[in-house]
Amino acid sequence: MGATSVNRRDVMKRAAAAGLLAVPAVGALSSCASGGGSENKAEKGKKTKKNPLGVKEDAGLTVYIFNGGYGDKYAQFVTDMYADKYPKAKPDQKATEKIATQVQPKIVRGKPTSDVVNNSGAEQMNIGKLVHNKQVADLGEVLDAPSWDDPDVTVRETLVPVVEQMGRFGGKECYQLNIALTVYGNWYSKKLLEDGLDSAYPKTWDEMLAVCKKAKAKGIHGWSYPGGHPRYMFFSMYAMFAQRGGRDVTEAMDYLEPNAWKHDAVKDVFEAWEELVAKKYVLTGFDGNQAHTEMQTAWTKEGKCVFVPNGSWVENEAKDTTPKDFAMTVGATPSLDSGDKMPFGTLYAPAGEPFIVPAKAENRQGGLEWLRMMYSKKAAVNLFKEVGSMPVVKGAIDGEDLPSGTASAQAAIKAAGDNIVIPHFMDWYNELFREDFNNMVHTFMQGQIGPKQAMDIMQKASERILKDPDISKVKKA
């Protein structure tokens, strides 16, 4: 796995989102913010119908883009739009893999040279700290502004609601905005499942086990995952936690509540997967840095497994090894039984690739305007064509010729409706998710530990984060 691909996937996993999502309001950071300083001193232009954000037409604009799996061509399209509208501004776009190294020190000193930043990649700045220290601008102004395509419709109204929800760290303020949708779940070949195994997609765990048993009889594993990047298992497990126990269970994880990881619903999910592991339905052995591509090749080209945990980037990433008749498809998590609190179809679908505007940006209004352009339909369609990801602009790719995986992801989002879940703790406390979940789930999927040990590991990690005085906590409003 190349570095750029790793970074892009990591960001997409932290981020996320879909349609008519309703999630609990995010509470304020628990300690008082410090730093930040006075109001932005940059000159502003006059607000008009053609210039609703009051951009100073000759003010320079500097855009920093993470040069990862997405590259920066999709962003250059928007920067060119800006140059067309404000030719005197001569906007400058810089691509880098080291966002924190190149951007954060100047933001911290209160003298940023960036006006809009794609805060992504391995060196992603800690958005919680930036918000805590009042170093990023509230983006409510751009959300309230007339959309690029229709002045009678606000930018907010053109976006899937979760975009704004994910940018909140307290109150109504929104400090980051994402641009692409990712659907996580159980990815499979519809051709193999329906033609090779004469089976429909399993809607219950008993049906999942039955499909895996049928596959094993034909020398095919029911599942695989990249051992070198075991966090992929979260893509299939997380929605099951919510589906089994309801939003209260996942909210408890977000807010580091006592025994959040010891809930009966969490135990039930681990026990379901333990049975799948015990029956040797899981193909293992992909343990290196290229684990994800090796697993994907075994799945697509070699047909060695039926299901893999993945995100909707996989269709583009694995295109070179995917047969034309593969019919790549994503399925939602199966129900355990009638005791589930949320229905089959519950989906883990976040919005990713976050953007921020520094609070003291020299051309803050220009940064907001750049984002308004990013959410135009033509920029959204260009994003889809450049990187294969679904834009967060409603209906932007309706009528486009969609590949199988993207079409199935859109269908899954539509079917989920309000039943979309997002792990906020992954943004708030990345320390919890990274090491502890990776180490735990790898040993669990190898059959080396059981549900009790897995739950204990995650609960101890949650308690460690809660007790760490150097980590700002998010509390319920």
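Every chain is numbered on its own, with residues counted from 1 as its sequence reads. Since the coordinates come from a predicted model, pLDDT governs what is reported: local features require at least 70, and pairs of side-chain atoms require 80 or more to be given and counted, while whole-chain, interface and lining totals use all residues. With hydrogens and water excluded, all non-hydrogen atoms of the structure serve as input to the side-chain values.

Asks: Would you mind showing me how to read the domain arrangement of the chain here?
Replies: A common measure of how large an interface is: the accessible area buried when the components associate. Domain delimitation in this document rests on an assignment produced automatically or drawn from a domain database. For the chain, the assigned domains are domain 1 (62-180 + 353-397) and domain 2 (184-348 + 423-467). Placing a centre on the C-alpha atoms of domain 1 and another on those of domain 2 gives a separation of 31 Å. Only heavy atoms enter the contact rule, under which two residues are in contact if any of them lie within 4.5 Å. Taken together, the contacts link five residues of domain 1 with four residues of domain 2. Buried area adds together the accessible area that both of two parts lose upon being put together, with accessible area traced by a 1.4 Å probe. Three residues, Met-166, Phe-169 and Val-387, lead the burial of domain 1 against domain 2; their summed loss comes to 50% of the area buried on that side. A pair is scored as a salt bridge if a Lys or Arg side-chain nitrogen falls within 4 Å of a carboxyl oxygen belonging to Asp or Glu. At the surface where domain 1 touches domain 2, the tally comes to zero salt bridges. Polar contacts, as counted here, are pairs of nitrogen or oxygen atoms within 3.5 Å of one another; within protein the pair requires one atom able to donate a hydrogen and one able to accept it, and residues that are adjacent in sequence qualify only if both atoms are side-chain atoms. At the surface where domain 1 touches domain 2, the tally comes to zero residue pairs in polar contact (both at pLDDT 80 or more). Residues are grouped as follows: Ala, Val, Leu, Ile, Met, Phe, Trp, Tyr, Cys and Pro are nonpolar; Asp, Glu, Lys and Arg are charged; every other residue, Gly included, is polar. Within the side of domain 1 that touches domain 2, the residues separate by chemical class into four nonpolar, one polar and no charged.

Asks: How do you make sense of the packing of helix H2 (residues 73-85) against helix H15 (residues 364-374) when you look at a structure like this?
Replies: Two measures define how a pair of helices packs: the angle their axes make with one another and the distance between the axes. With their axes 9 Å apart at the nearest point, H2 and H15 run at an angle of 115° to one another. Of the two elements, H2 crosses H15, and the hand of that crossing is right-handed. Here Tyr-74, Ala-75, Val-78, Thr-79, Met-81, Tyr-82 and Lys-85 of H2 lie close against H15, whose contacting residues are Gly-366, Glu-369, Trp-370, Arg-372, Met-373 and Met-374. The residue inventory of the contact of H2 with H15, partitioned by class, reads eight nonpolar, two polar and three charged. The angle between two axes is taken between their N-to-C directions and runs from 0 to 180 degrees, where each axis is a line fitted to C-alpha atoms and a helix contributes only its stretch in contact. The numbering of helices and of strands both runs from the N terminus, where a helix is a DSSP run of H or I of at least 4 residues and a strand a run of E of at least 2. Left-handed describes a crossing in which the near helix is turned anticlockwise from the far one by less than a right angle; the clockwise case is right-handed.

Asks: Mind showing me how you'd approach helix H16 (residues 377-387) here?
Replies: Classification of residues uses two cut-offs on accessible area relative to the type maximum, computed with a 1.4 Å probe and protein chains only: under 20% is buried, over 50% is exposed, and between them is partly exposed. Three or more residues of H16 are buried, namely Ala-379, Ala-380, Val-381, Asn-382, Leu-383, Phe-384 and Val-387. Taken from the residues just after H16, Gly-388 is the one with a positive phi, measuring 80°.

Asks: What is the right way to read the pattern of salt bridges from this model?
Replies: With the rule as written, the count across this model stands at 19 salt bridges. In this structure, Glu-164 engages Arg-156 in a salt bridge whose closest nitrogen and oxygen atoms are separated by 2.9 Å. Judged by relative accessible area, which is 30%, Arg-156 ranks as partly exposed. With a closest N to O distance of 3.0 Å, Arg-244 and Asp-268 form a salt bridge. One end of the pair, Arg-244, is in helix H10 (residues 233-245); the other, Asp-268, is in helix H12 (residues 264-278), with 24 residues separating them in the sequence. In this structure Arg-244 comes out as buried when scored by relative accessible area, which is 14%. We classify Asp-268 as partly exposed; its relative accessible area is 23%.

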